[in-house]
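In case you want the letters, here they are:
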Amino acid sequence: MGAWCTDNFSNDIATDWVAALEKSKGLKVLMSPIERIHKNTGYLQIEECSEALAASEVVAAAISSDYSITPESVQTWLNTKKGFIFAKKPQIGANHSIKAINVVERILNESELKELWQDSDEFENWQGKQQSLLAKLRR
C-alpha cells in the first residue's frame, strides 16, 4: 500500500476512490465501499477497507460538519448542488452513519488492514484515528 499514513485519506487506494467520488453524482460511489463490507461475510482485504474508511470519513464529515481532515475536493463534493437530483445537496443521515459505524467497527476487529497496522509502530495511532471517526459518526 502506497503513501503509508494513519490518516484514512493518505493512501493510494483512498486517493483513487476520492477521485472517483469527485466525478460522481448522487450517493452511489460514496456508499458502495460501505455497502460492500456491510454485505461481505468473509475476510476483509486492505483495498476494500481503505475505501470504506475513506467513505466513512465522508459520511462523518457530512453529519458532523467537521471537515478538518477531509480533502478540499471532498468538502466541495459535499457542499455542491451541481449534479444532484433537483439541484439538492446529498442527503446523508442516520441510516448512512449506522452502516458506516458497523463497517468501521468490523475493520477494527478483524481485517487485513488491522493486521497490517498491528505489525507497525503506528498501530495505536491508527486505532485512535478510527475511534475518532466512530465518535464523529455517533454524533
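Residues numbered from 1 in each chain as written. Predicted model: local features only at pLDDT ≥ 70, side-chain atom pairs only at ≥ 80, totals over all residues. Heavy atoms only, no water.

Observations concerning unusual backbone geometry
One non-glycine residue, S65, lies in positive phi territory at about 60°. Position of S65 among the secondary structure elements: in the loop between helix 3 (46-64) and helix 4 (72-79). The exposure class of S65 is exposed, given its relative accessible area of 53%. (Helix = DSSP H or I, 4+ residues; strand = E, 2+ residues; numbered from the N terminus. Buried < 20%, exposed > 50% of the residue type's maximum accessible area, 1.4 Å probe, protein only.)

Remarks on empty space enclosed by the protein
Tallied over the full model, the rule gives one cavity of 30 Å³ or more. Approximately 70 Å³ is the volume attributed to the largest cavity. Lining of the largest cavity is provided by 11 residues; of these, D7, N8, N11, W117 and W126 occupy positions nearest its centre. Breaking the lining of the largest cavity down by element, the ones donating at least two residues are helix 3 and helix 6 (112-118). Residue classes in the lining of the largest cavity are distributed as six nonpolar, four polar and one charged. (1 Å grid on protein atoms, 1.4 Å probe; cavity = no way out; pocket = protein on both sides within 12 Å on 5 of 7 lines; lining within 4 Å. Points joined across faces, edges and corners; volume = space filled by probe spheres on them. Nonpolar A, V, L, I, M, F, W, Y, C, P; charged D, E, K, R; others polar.)

Digging into the packing of helix 5 (residues 94-109) against helix 7 (residues 123-137)
For the pair helix 5 and helix 7, the least separation of the axes is 10 Å and the interaxial angle reads 160°. Viewed along their axes, helix 5 and helix 7 adopt a mutual orientation that is roughly antiparallel. Note that helix 5 runs across helix 7; the crossing there is left-handed. Residue-level inspection shows S97, A100, I101, V104, E105, I107 and L108 of helix 5 in contact with helix 7, the latter providing W126, Q127, Q130, Q131, L133, L134 and L137. Broken down by class, the residue content of the contact of helix 5 with helix 7 amounts to nine nonpolar, four polar and one charged. (Axes fitted to C-alpha atoms, helices over the stretch in contact; angles between N-to-C directions. Parallel < 35°, antiparallel > 145°, perpendicular 65-115°, else oblique. Left-handed = near helix turned anticlockwise from the far one by under 90°. Contact = heavy atoms within 4.5 Å.)

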